[in-house]
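Coordinate analysis (summary)
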Amino acid sequence: MNELLPVSGTRETWRAFGAEFARMPRLSAAALALLVGAAAAGLVAPWVLGRLVDAVIAGAELRDVLGHVAVIGAAAVVGGLLTAAGAAVAARLGETVVARLRERVMDRALHLPSATLERTGTGDLVARAGDDVAVVANMLTASGPAILGALLSVLLTGAGLFALDWRLGLAGLAAVPGYALAMRWYLPRSAPFYARERIVAGQRSQAMAEALHGAATVRAYRVEPGHVDRIADRSAAARNLALDVFTLYTRFSVRMNRAEYLGLAGVLIAGFLLVRYDLATVGAATAAALYFHRLFNPIGLLLMEADTVLQVNASLARLIGVANLPARTTAVSDIYNLSEKSLEIHVREHRYAGGPIVLSDVTLTVAPGERVALVGASGAGKTTLAAIAAGIITPSDGTAHLGGVPLSELGEERVRQRIALVSQEVHVFAGTLAADLRLARPDATGEEMVAALERVGAGGWFRALPDGLATEVGEGGHRLTAAQAQQLALARLALTGTGVVVLDEATAEAGSAGARDLDRAAAAVTEGLTALIVAHRLTQAASADRILVMDHGRVVEEGTHDELRQAGGRYARLWTTWGQ
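These notes cover the structure that comes with them. (Residues numbered from 1 in each chain as written. Predicted model: local features only at pLDDT ≥ 70, side-chain atom pairs only at ≥ 80, totals over all residues. Heavy atoms only, no water.)

Before going further, it helps to spend a moment on the overall build of the chain. Check the secondary structure of the chain and you find 23 helices and 12 strands. Here the chain has a C-alpha radius of gyration of 34 Å; the compact-globule value for 580 residues is 25 Å, and the former is much larger. By principal-axis analysis of the C-alpha atoms, the chain measures approximately 120 × 50 × 50 Å. Within the chain, the proportion of its 580 residues that are buried is 45%. For the chain, the computed accessible surface area is about 28,700 Å², with 59% contributed by carbon and sulfur atoms. Once the 53 positive and 55 negative side-chain charges of the chain are each reduced to a mean point, those two points are 6 Å apart. (Helix = DSSP H or I, 4+ residues; strand = E, 2+ residues; numbered from the N terminus. Rg over C-alpha atoms; globule rule 2.2 N^0.38 Å. Buried < 20%, exposed > 50% of the residue type's maximum accessible area, 1.4 Å probe, protein only. Areas by Shrake-Rupley, 256 points an atom, 1.4 Å probe, with all protein chains shown as cover. Lys, Arg positive; Asp, Glu negative; His and termini not counted. Charge placed at Lys NZ, Arg CZ, Asp CG, Glu CD.)

Listed below in structure tokens is the structure:
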């Protein structure tokens, strides 16, 4: 199972979250002021109704009654306007916070070390950038203002109840133990469910991403049922968790209703006794009952939305965990003279997360300008060795040097500037062909991009495009074939100008018809460069300066094409079989 990206603690999460609001003090203060005003306006009606009851008992005239009604109506209009304005400002504030948080998460995600992505996979990251951001966005723009408004209503209404008569306020406190017990029962049981729910969502996203990304391979090997079963298993886990949460939530609601009954009964009994012994007016008792009844909805909302807060806490912790990752830094490596482009790998042992050994006693030196090919069966360790050479992963026990400098000291950014990697899995980004090529070098001119395409043999299909470099490619645009996508990746490589390249089966996607064209393109791009090539076809290895034959994580043969054929060993047998 893949590792998970970091998750921040509760205190760290809410401190970082509050800091986002502190960056916009005026907007935050405006939203708070409007919501406080809306909550205060809601206190007017119960108080005026209480005064109206006393006035009617005292024989008030119609004009007085209408005056009270007018005040209640005006308060309702003002409260509605303030609520609408507060919700609008709060939504704007929330959208801004979510946008900034999303930008931080995406910035850190796009600059995660390649080794980290190798260990974690993309599912967890996709779930955070998608599902978790959606949960936080919904809270800030929809339920968030309602929760804050409910909290303010509870505080102001409680204060109004005590200001009306402290004895009636105390009577209302009879509901507090019931609410407290309900929360004490609910929170410890529900929090773990929501944390697990986010993890399961990430696992489900990972399963779906793997199936969709490799859809062609899945269909080719007819393993659709296995992938469907895996997705169904992850989805069933998410469904079962949701049902467990709903059951827990229903039991919590029963406890909450019981607390409301106790509180209202306390206020009504206290009001009756106070009126009976002339310690309070009927209007005051009426207003107190209305105030307490007015607490039902906001308290209910707060308690009912406790699960939303828990979900948001879980999602925020996952987002802040990524957002608080160290920002990309430029390694201080200019002190090194990297004019020499030699590549040296020494791996005594390498294994993934405590698994079996995948490389053992491997020594590889690629001289400047030399082209070295790796051949061997699947699982021989070729891709792992290539990933170590490219700085994607760090050997468990071993070293990797570029020009005599450890890759770990160069840092991720400098390694990427000096070692280019092209794998079998290439991606055509949605946009113009020029924008796709400029991913390798943003300042590339039109002439340079055309020359790069011609160099990799893509001139034929490029000239047939309706708008040349301005043609939209990728999703929603002109669809490139697998071979054309590989040529595009090799053209990007040509534009980078790096002196060291690693090709991990970079021409494997081509069928037999395009294989030779892609092999020629790869040879043209790597001419004069220090190159390590994981060869998918032996014809590609034959043109290399030196060949390493790997088996079960070890180098079992080494030499030129002619030397290995004459030796009559494993490579010679592979070549004979290939030729047949």
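And the narrative resumes.
Turning our attention to helix H11 (residues 282-304). Its 23 residues give H11 an end-to-end C-alpha distance of 33 Å, which sits within 8% of 33 Å, the value for a rise of 1.5 Å per residue. At Phe296, H11 shows its maximal kink, close to 30°; a proline, Pro298, follows between one and four residues later. (Expected span 1.5 Å × (residues − 1). Bend = angle between axes of the 7 residues up to and from the residue.)

So, about the pattern of salt bridges. Counting across every chain of the model gives 15 salt bridges. Ionic pairing is found between Glu20 and Arg104, a salt bridge with its closest N-O pair at 3.1 Å. Residue Glu20 is found in helix H1 (residues 10-22), and its partner Arg104 is found in helix H4 (residues 62-110); the two are separated by 84 residues along the sequence. Note on Glu20: relative accessible area 4%, which makes it buried. Where salt bridges share partners, they join Glu20, Arg23 and Arg104 into one cluster. (Salt bridge = Lys/Arg side-chain N within 4 Å of Asp/Glu carboxyl O.)

It is worth spelling out the sheet that holds strand S11 (residues 546-551) at this point. If you trace the six strands from one edge of the open sheet to the other, you get S6-S9-S10-S3-S11-S12, paired in mixed fashion. The sheet is open, and its two edges are formed by strand S6 (419-423) and strand S12 (554-559), each paired on a single side. Averaged over all adjacent pairs, the angle separating strand axes in this sheet is 15°, with direction ignored. When strand S9 (residues 500-504) meets strand S10 (residues 530-534), the two strands line up parallel, connected through five bridges. Its bridge partner being in S10, Val500 is matched across the sheet by Thr530. Lying on the sheet, helix H13 (residues 382-389) is in contact with strand S3 (371-375), S6, S9, S10 and S11; it crosses S10 at an angle near 155°. Contacting S6 and S9, helix H19 (residues 482-496) runs over the sheet at an angle of about 175° to S6. (Pairing = 2+ DSSP bridges. Axes fitted to C-alpha atoms, helices over the stretch in contact; angles between N-to-C directions. Contact = heavy atoms within 4.5 Å.)

Once that is clear, we can look at unusual backbone geometry. Even without glycine at this site, Asp361 takes up a positive phi of about 50°. Despite not being glycine, His552 has its phi angle at roughly 50°, a positive value. Here His552 is to be found in the loop between S11 and S12.

With that settled, consider the pairing of strand S1 (residues 343-351). Consecutive side chains of a regular strand alternate in pointing toward one face of the sheet and then the other. Pairing analysis gives eight bridges linking S1 to strand S2 (residues 357-366), with the strands arranged antiparallel. Each residue of the ladder has a partner; that of His346, found in S2, is Thr363. As paired strands, S1 and strand S4 (residues 397-402) are joined by six bridges and run antiparallel to one another. For Glu349, the partnering residue across the bridge sits in S4 and is Asp397.

Attention now moves to the packing of helix H2 (residues 25-41) against H4. Packed helices, taken two at a time, are described by their axes: the angle between them and the distance between them. Relative orientation of the contacting elements H2 and H4 amounts to 155°, with a least axis distance of 8 Å. The angle between H2 and H4 places the two elements in the roughly antiparallel class. Note on packing geometry: the crossing formed by H2 with H4 is left-handed. In contact with Leu27, Ser28, Ala30, Ala31, Leu34, Leu35, Gly37, Ala38 and Ala41 of H2, H4 contributes Ala75, Gly79, Leu82, Thr83, Ala85, Gly86, Ala87, Val89, Ala90, Arg92 and Leu93. (Parallel < 35°, antiparallel > 145°, perpendicular 65-115°, else oblique. Left-handed = near helix turned anticlockwise from the far one by under 90°.)

This part is about a nonpolar patch on the surface. Where nonpolar side chains cluster on the molecular surface, the patch consists of Leu32, Val36, Leu148, Leu151 and Leu155 and spans about 390 Å² of accessible area. Listed by contribution, the elements that provide at least two residues to the nonpolar patch are H2 and helix H6 (123-164). Sort the elements by how many residues they give to the nonpolar patch and H6 lands first, with three residues. Along the chain, the position of Leu148 falls in helix H6. With relative accessibility at 33%, the residue Leu148 sits in the partly exposed group. (Patch = residues over 30% accessible without salt bridge, like charges linked within 9 Å, V, L, I, M, F, W, Y side chains within 5 Å.)

Right, let's talk about H13 for a bit. An α-helical segment advances 3.6 residues per turn. Residues three or four places apart therefore align on the same side. Buried residues dominate H13, accounting for seven of its eight residues. Here H13 has its buried residues at Lys382, Thr384, Leu385, Ala386, Ala387, Ile388 and Ala389. Gly391 sits one or two positions beyond H13 and adopts a positive phi of about 80°.

Moving on, we come to the pairing of S9. For S9, a buried count of five out of five residues is recorded, marking the element as mostly surrounded by other parts of the structure. The alternating pattern of S9 places Val500, Val502 and Asp504 and Val501 and Leu503 on opposite faces, both of which are buried. Strand direction decides the pairing type here: S6 and S9, joined by five bridges, are parallel. When the sheet's bridge partners are listed, Val422 is paired in S9 with Leu503.

Next up on the list: the side chain of Thr530. Along the chain, Thr530 falls in strand S10. There is a polar contact of 3.0 Å between the side chain of Thr530 and the backbone nitrogen of Gly369. With residues near it in sequence (within four places) discarded, Thr530 still touches Lys341, Val366, Ala367, Pro368, Gly369, Glu370, Gly499, Val500 and Val501. (Polar contact = N/O pair within 3.5 Å; in protein donor to acceptor, adjacent residues only side chain to side chain.)

Sheet architecture is open: four strands sit in the order S2-S1-S4-S5, paired in antiparallel fashion. Of all the strands in the sheet, the pair left with one neighbour each is S2 and strand S5 (405-406). Here S4 pairs with S5 via two bridges, running antiparallel. Paired with Leu402 across the strands is Val405, a residue of S5.

Moving on: the side chain of His68. By the element assignment, His68 lies in helix H4. Looking at His68, the relative accessible area reads 19%, which means it is buried. With residues near it in sequence (within four places) discarded, His68 still touches Val48, Arg51, Leu52 and Ala55.

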